[in-house]
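Tertiary structure, described
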Amino acid sequence: MESNRQKKIAVILQQDLVDVLQRAASEGGMKGVIISVSKVSVTVDLSIAKVYLSIFPNKEAGELLKGIRSNTPLIRHELAQRTRHQLRRMPTLEFFIDDSLEYIDNIERSLKGEEDPIKDEDLLGRRKKS
């Protein structure tokens, strides 16, 4: 269970990360790409922050995640500048893809009957591998 301090730091980081990543995307010339920070969780000792990103369109998510991970020191420095009056130390940032929206979309398609594993046997094989 997260403490109040962990929750407050997570909210602060989430708000500032959205600004930093959206600005970097627009300045980098990536049009039509939406990057949102869906969740930030901070460890008990406040040293590591796990950041979950939703990237649209999904096909560019892997490449963008590599770019974000390679620029983590710059992002961390920018966040430290923004939160210098609120945090003593900036946690180490770890970035992950949040694929919950894609998972929900797959469930909705299955419930609507758009995918029928009985008629399409290949579909069942793909689900077992995932």
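Here, every reference points to the structure presented above.
In this report, we go over the structure that sits alongside the text. (Residues numbered from 1 in each chain as written. Predicted model: local features only at pLDDT ≥ 70, side-chain atom pairs only at ≥ 80, totals over all residues. Heavy atoms only, no water.)

1. Points about the sheet that holds strand β3 (residues 92-97)
To keep it simple, the criterion reads: By the convention used here, strands pair only if DSSP detects at least 2 bridges between them. The way it works is that DSSP assigns letters per residue, a run of H or I at least four long becomes a helix, a run of E at least two long becomes a strand, and they are numbered from the N terminus. Axis geometry follows a simple rule: fit a line to the C-alpha atoms, using only the stretch in contact for helices, then measure angles between N-to-C directions, giving values from 0 to 180 degrees. A contact between two residues is defined here by any heavy atoms of the two lying within 4.5 Å.
An order of β1-β2-β3 is seen for the 3 strands of this open sheet, with the pairing classed as mixed. One side of each edge strand has no neighbouring strand; the edge strands of this open sheet are β1 (34-42) and β3. For this sheet, the mean inter-axis angle between neighbouring strands, taken without regard to orientation, is 30 degrees. Pairing of strand β2 (residues 48-56) with β3 involves 6 bridges; the strand directions are parallel. Across the sheet, the residue bridging to Lys-50 is Glu-94, located in β3. Along the sheet, helix α1 (residues 4-27) contacts β1, β2 and β3; its crossing angle with β1, the most-contacted strand, is approximately 160 degrees.

2. Side note on the packing of helix α2 (residues 61-70) against helix α3 (residues 72-82)
Definition in use: As a working rule, the residues Ala, Val, Leu, Ile, Met, Phe, Trp, Tyr, Cys and Pro are called nonpolar, Asp, Glu, Lys and Arg charged, and the rest polar, with Gly in that last group.
Two numbers describe how α2 lies on α3: the axes approach to 4 Å, and their chain directions differ by 65 degrees. Residues Ile-68, Arg-69 and Ser-70 of α2 form the contact with α3, whose participating residues are Thr-72, Pro-73 and Ile-75. Grouping the constituent residues of the contact of α2 with α3 by class yields 3 nonpolar, 2 polar and 1 charged.

3. Thoughts on the pairing of β2
Within a regular beta strand, the side chains point alternately toward one face of the sheet and then the other, so they alternate between its two faces. Here β1 runs beside β2; their pairing, made up of 8 bridges, is antiparallel. Directly across from Lys-39, in β2, lies its bridge partner Tyr-52.

4. Notes on the side chain of Thr-83
Applicable threshold: Buried means the residue's accessible area, taken with a 1.4 Å probe over protein chains only, is under 20% of the maximum for its type, while exposed means over 50%, and partly exposed covers the values in between.
Counting through the fold element by element, Thr-83 comes out in the loop between α3 and β3. A residue is classified by how much of its surface remains accessible, and Thr-83, at 1% relative accessible area, is buried. Filtering out sequence-adjacent residues up to four positions away, Thr-83 remains in contact with Ile-12, Asp-16 and Met-90.

5. What about the pattern of salt bridges?
As a reminder, the rule being used: In what follows, salt bridge is the name for a side-chain nitrogen of Lys or Arg lying within 4 Å of a carboxyl oxygen of Asp or Glu.
Taken as a whole, this structure holds 4 salt bridges when the rule is applied. Ionic pairing is found between Arg-82 and Glu-78, a salt bridge with its closest N-O pair at 3.3 Å. Placement of both Arg-82 and Glu-78 in helix α3 is noted, with a separation of 4 residues, approximately one turn of the helix. Under the relative-accessibility criterion, Arg-82 is labelled partly exposed at 32%. Where salt bridges share partners, they join Asp-19, Arg-23, Glu-27, Glu-78 and Arg-82 into one cluster.

6. What about the nonpolar core?
Counted only if it meets this: Side-chain atoms within 4.5 Å link the members of a nonpolar core, which is a set of buried Ala, Val, Leu, Ile, Met, Phe, Trp, Tyr and Cys residues.
Counting 26 residues, the largest nonpolar core has Leu-13, Val-40, Val-51, Leu-53, Ile-75, Leu-79 and Phe-95 as the members making the most contacts within it. Mapped by element, the contributors of at least two residues to this core are α1, β1, β2, α2, α3 and β3. Not counting chain neighbours up to four residues away, the residues in contact with Ile-75 comprise Leu-17, Val-20, Leu-21, Ile-68, Leu-93 and Phe-95.

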